[in-house]
Amino acid sequence: MEPGYEDLPQFFADNQIVVVASMPCYQEQNVDRQRGKGVYADSIAGLLKLNLVGYGAPGSSLELNLVYNPDDPILPPNQQTLENDYKRELRQDHGIEFNQLFALANMPISRYGARLLAKNQYTGYMTLLRDAFEVGNLATVMCRSLISVDYQGFVYDCDFNQMLELPLIGTDKIKPHLRELLSTDWNGAPISVGEHCYGCTAGQGSSCGGALAGAE
Ligand code: SF4
């Protein structure tokens, strides 16, 4: 909705781009409290523009997915139940259609980690994540099938490791660049892990594609 970006919905559609959009709630007061005044109205306007060019419509190949993650230090609720709520409310109130809702756990790192520390909630949240660990999620955590590439082309196991500057350990390079790795066989390569990985493996699991199959 920023000036100068008006052509993006059509550009996305022309290039068959899958859109994954952050939408922390279907209620205005919750979104504006979390993200700032007016964010809900802009988000709704943006989603309607995407619908208008064919995103989320039944039978359309243009995929529009929304992302929820809790503001409080709690695990996300059941993804399917929440998706049903989002679909019902957004359709009823605004006529918006979308494909899937991804329910993500908050990672106890960077800005969110600092906020937890400032509110003296870090230890409690880590205990919650650790206690909710589900071994079945290990088979499908996103670092097993995806990598993260920063804007300069350096490669990490995932975007959380990128934020933490945790190096990739699956190669003999100290800071591997994508161009050095194009012919690398990644099968079975080790992955850098840490305490934050409980954020991906707790409860129904969490990834850039939403809940993990291992927890179903
Ligand atoms: S945070 Fe850990 S478990 Fe999650 S994707 Fe990254 S390396 Fe894998």
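All values reported here derive from a predicted model rather than from experimental measurement.

Undergrad: Whenever I open this one, the overall build of the protein confuses me. Can you help?
TA: When helices and strands are tallied, the protein shows eight helices and five strands. Counted from the first residue to the last, the protein has its helices and strands arranged as α-β-α-α-β-α-β-α-α-β-β-α-α. In terms of overall size, the protein behaves like a compact globule, its C-alpha atoms giving a radius of gyration of 19 Å where 216 residues would be expected to give roughly 17 Å. Structurally, the protein occupies a C-alpha span of about 50 × 40 × 35 Å along its principal axes. Taking as baseline every contact in the protein between residues at least 6 positions apart, the subset at least 24 positions apart corresponds to 62%. One way to put it: in the protein the 15 positive side-chain charges average out to a point 4 Å from where the 26 negative ones average out.

Undergrad: For this particular structure, what's the right way to read the nonpolar core?
TA: Side chains of nonpolar character tend, in soluble globular proteins, to be buried together. With 23 residues, the main nonpolar core has Leu64, Leu66, Tyr86 and Leu90 as its most contacted residues. It is helix α3 (residues 39-52) that contributes the most residues to this core, four residues altogether.

Undergrad: Hey, could you run me through the sheet that holds strand β3 (residues 100-103) in this one?
TA: One key point about sheets: their strands pair by backbone hydrogen bonds, in either a parallel or an antiparallel sense. With respect to topology, three strands assemble into an open sheet ordered β1-β2-β3, the strand pairing being parallel. Only two strands of the sheet have a single neighbouring strand rather than two, namely β1 (19-22) and β3. This sheet shows a mean twist of 30° between the axes of neighbouring strands, independent of strand direction. For strand β2 (residues 64-68) and β3, the ladder comprises four bridges, and the chain directions are parallel.

Undergrad: In this structure, what is going on with the side chain of asparagine 51? I would like to understand it.
TA: Tracing the chain through its elements places asparagine 51 in helix α3. Residue class for asparagine 51 comes out buried when judged on its relative accessible area of 16%. Engagement of the side chain of asparagine 51 in a polar contact is seen with the backbone oxygen of glutamate 97, the distance being 2.8 Å. Leave out the neighbours within four places in its chain, and asparagine 51 touches Leu64, Gly95, Ile96 and Glu97.

Undergrad: Honestly, the site of the ligand in this entry has me stumped. Any pointers?
TA: Surveying the vicinity of the ligand reveals the residues Met142, Cys143, Cys158, Phe160, Asn161, Ile191, Ser192, His196, Cys197 and Cys200. Residue classes in the shell around the ligand are distributed as seven nonpolar, three polar and no charged.

Undergrad: Explain helix α5 (residues 110-118) here, please?
TA: Of all the residues in α5, the buried ones are Tyr112, Gly113 and Leu116. Each buried residue of α5 lies within a common arc of 100° when the element is viewed along its axis, so the set occupies one face. With respect to the buried face of α5, the exposed residues turned more than 90 degrees away are Arg111, Leu117 and Ala118. In this structure, the buried side of α5 is in contact with α6 (122-131).

Undergrad: For this particular structure, what's the right way to read the domain arrangement of the protein?
TA: It is common to give the size of an interface as the accessible area that goes away when the parts come together. Annotation of the protein at the domain level lists domain 1 (8-103) and domain 2 (110-215). Once you take the C-alpha centre of each, domain 1 and domain 2 turn out to be 24 Å apart. With 11 residues of domain 1 at the interface, the matching set in domain 2 holds 16 residues. Roughly 920 Å² is buried in total at the junction of domain 1 and domain 2, and carbon and sulfur atoms are behind 52% of that figure. Residue arginine 115 pairs with aspartate 71 through a salt bridge whose shortest N-O separation is 3.1 Å. By residue class, the composition of the side of domain 1 that touches domain 2 is seven nonpolar, two polar and two charged.

Criteria and cut-off values
- Just so you know, the residues in each chain are numbered from 1, in the order the chain's sequence is written.
- Since the coordinates come from a predicted model, pLDDT governs what is reported: local features require at least 70, and pairs of side-chain atoms require 80 or more to be given and counted, while whole-chain, interface and lining totals use all residues.
- Where side-chain values are given, they derive from all heavy atoms of the structure, hydrogens and water being excluded.
- Counting from the N terminus, the helices are DSSP H or I runs at least four residues long and the strands are E runs at least two residues long.
- We compute the radius of gyration over the C-alpha atoms and compare it with the globule rule, which gives 2.2 Å times the number of residues raised to the power 0.38.
- We call two residues in contact whenever any of their non-hydrogen atoms come within 4.5 Å of each other.
- We count Lys and Arg on the positive side and Asp and Glu on the negative side, and we leave His and both chain ends out.
- In this description, the location of a charge corresponds to atom NZ of lysine, CZ of arginine, CG of aspartate or CD of glutamate.
- Here, the term nonpolar core denotes a set of buried Ala, Val, Leu, Ile, Met, Phe, Trp, Tyr and Cys residues that are joined through side-chain atoms within 4.5 Å.
- Throughout, exposure labels follow a simple rule: accessible area from a 1.4 Å probe, protein chains only, divided by the maximum for the residue type, with under 20% read as buried, over 50% as exposed, and the rest as partly exposed.
- At least two DSSP bridges between two strands are required for those strands to pair.
- Orientation is described by axes fitted as lines to C-alpha atoms, over the contacting stretch for helices, and by angles from 0 to 180 degrees between their N-to-C directions.
- Any pair of nitrogen or oxygen atoms within 3.5 Å is treated as a polar contact; in protein, a donor-acceptor pairing is required on top of that, and neighbouring residues in sequence qualify only through side-chain atoms on both sides.
- Near residues are defined by distance, with any heavy atom within 4 Å of the molecule or strand qualifying the residue.
- By the convention adopted, Pro, Cys, Tyr, Trp, Phe, Met, Ile, Leu, Val and Ala count as nonpolar, Lys, Arg, Asp and Glu as charged, and the other residues, Gly among them, as polar.
- What the arc covers is the set of directions going from the helix axis to the C-beta atoms.
- For the domain bounds, the source is a domain assignment made automatically or taken from a database.
- When two components associate, each loses some accessible surface as probed by a 1.4 Å sphere; the sum of these losses over both components is called the buried area.
- Definition used for salt bridges: Asp or Glu carboxyl oxygen within 4 Å of a side-chain nitrogen of Lys or Arg.

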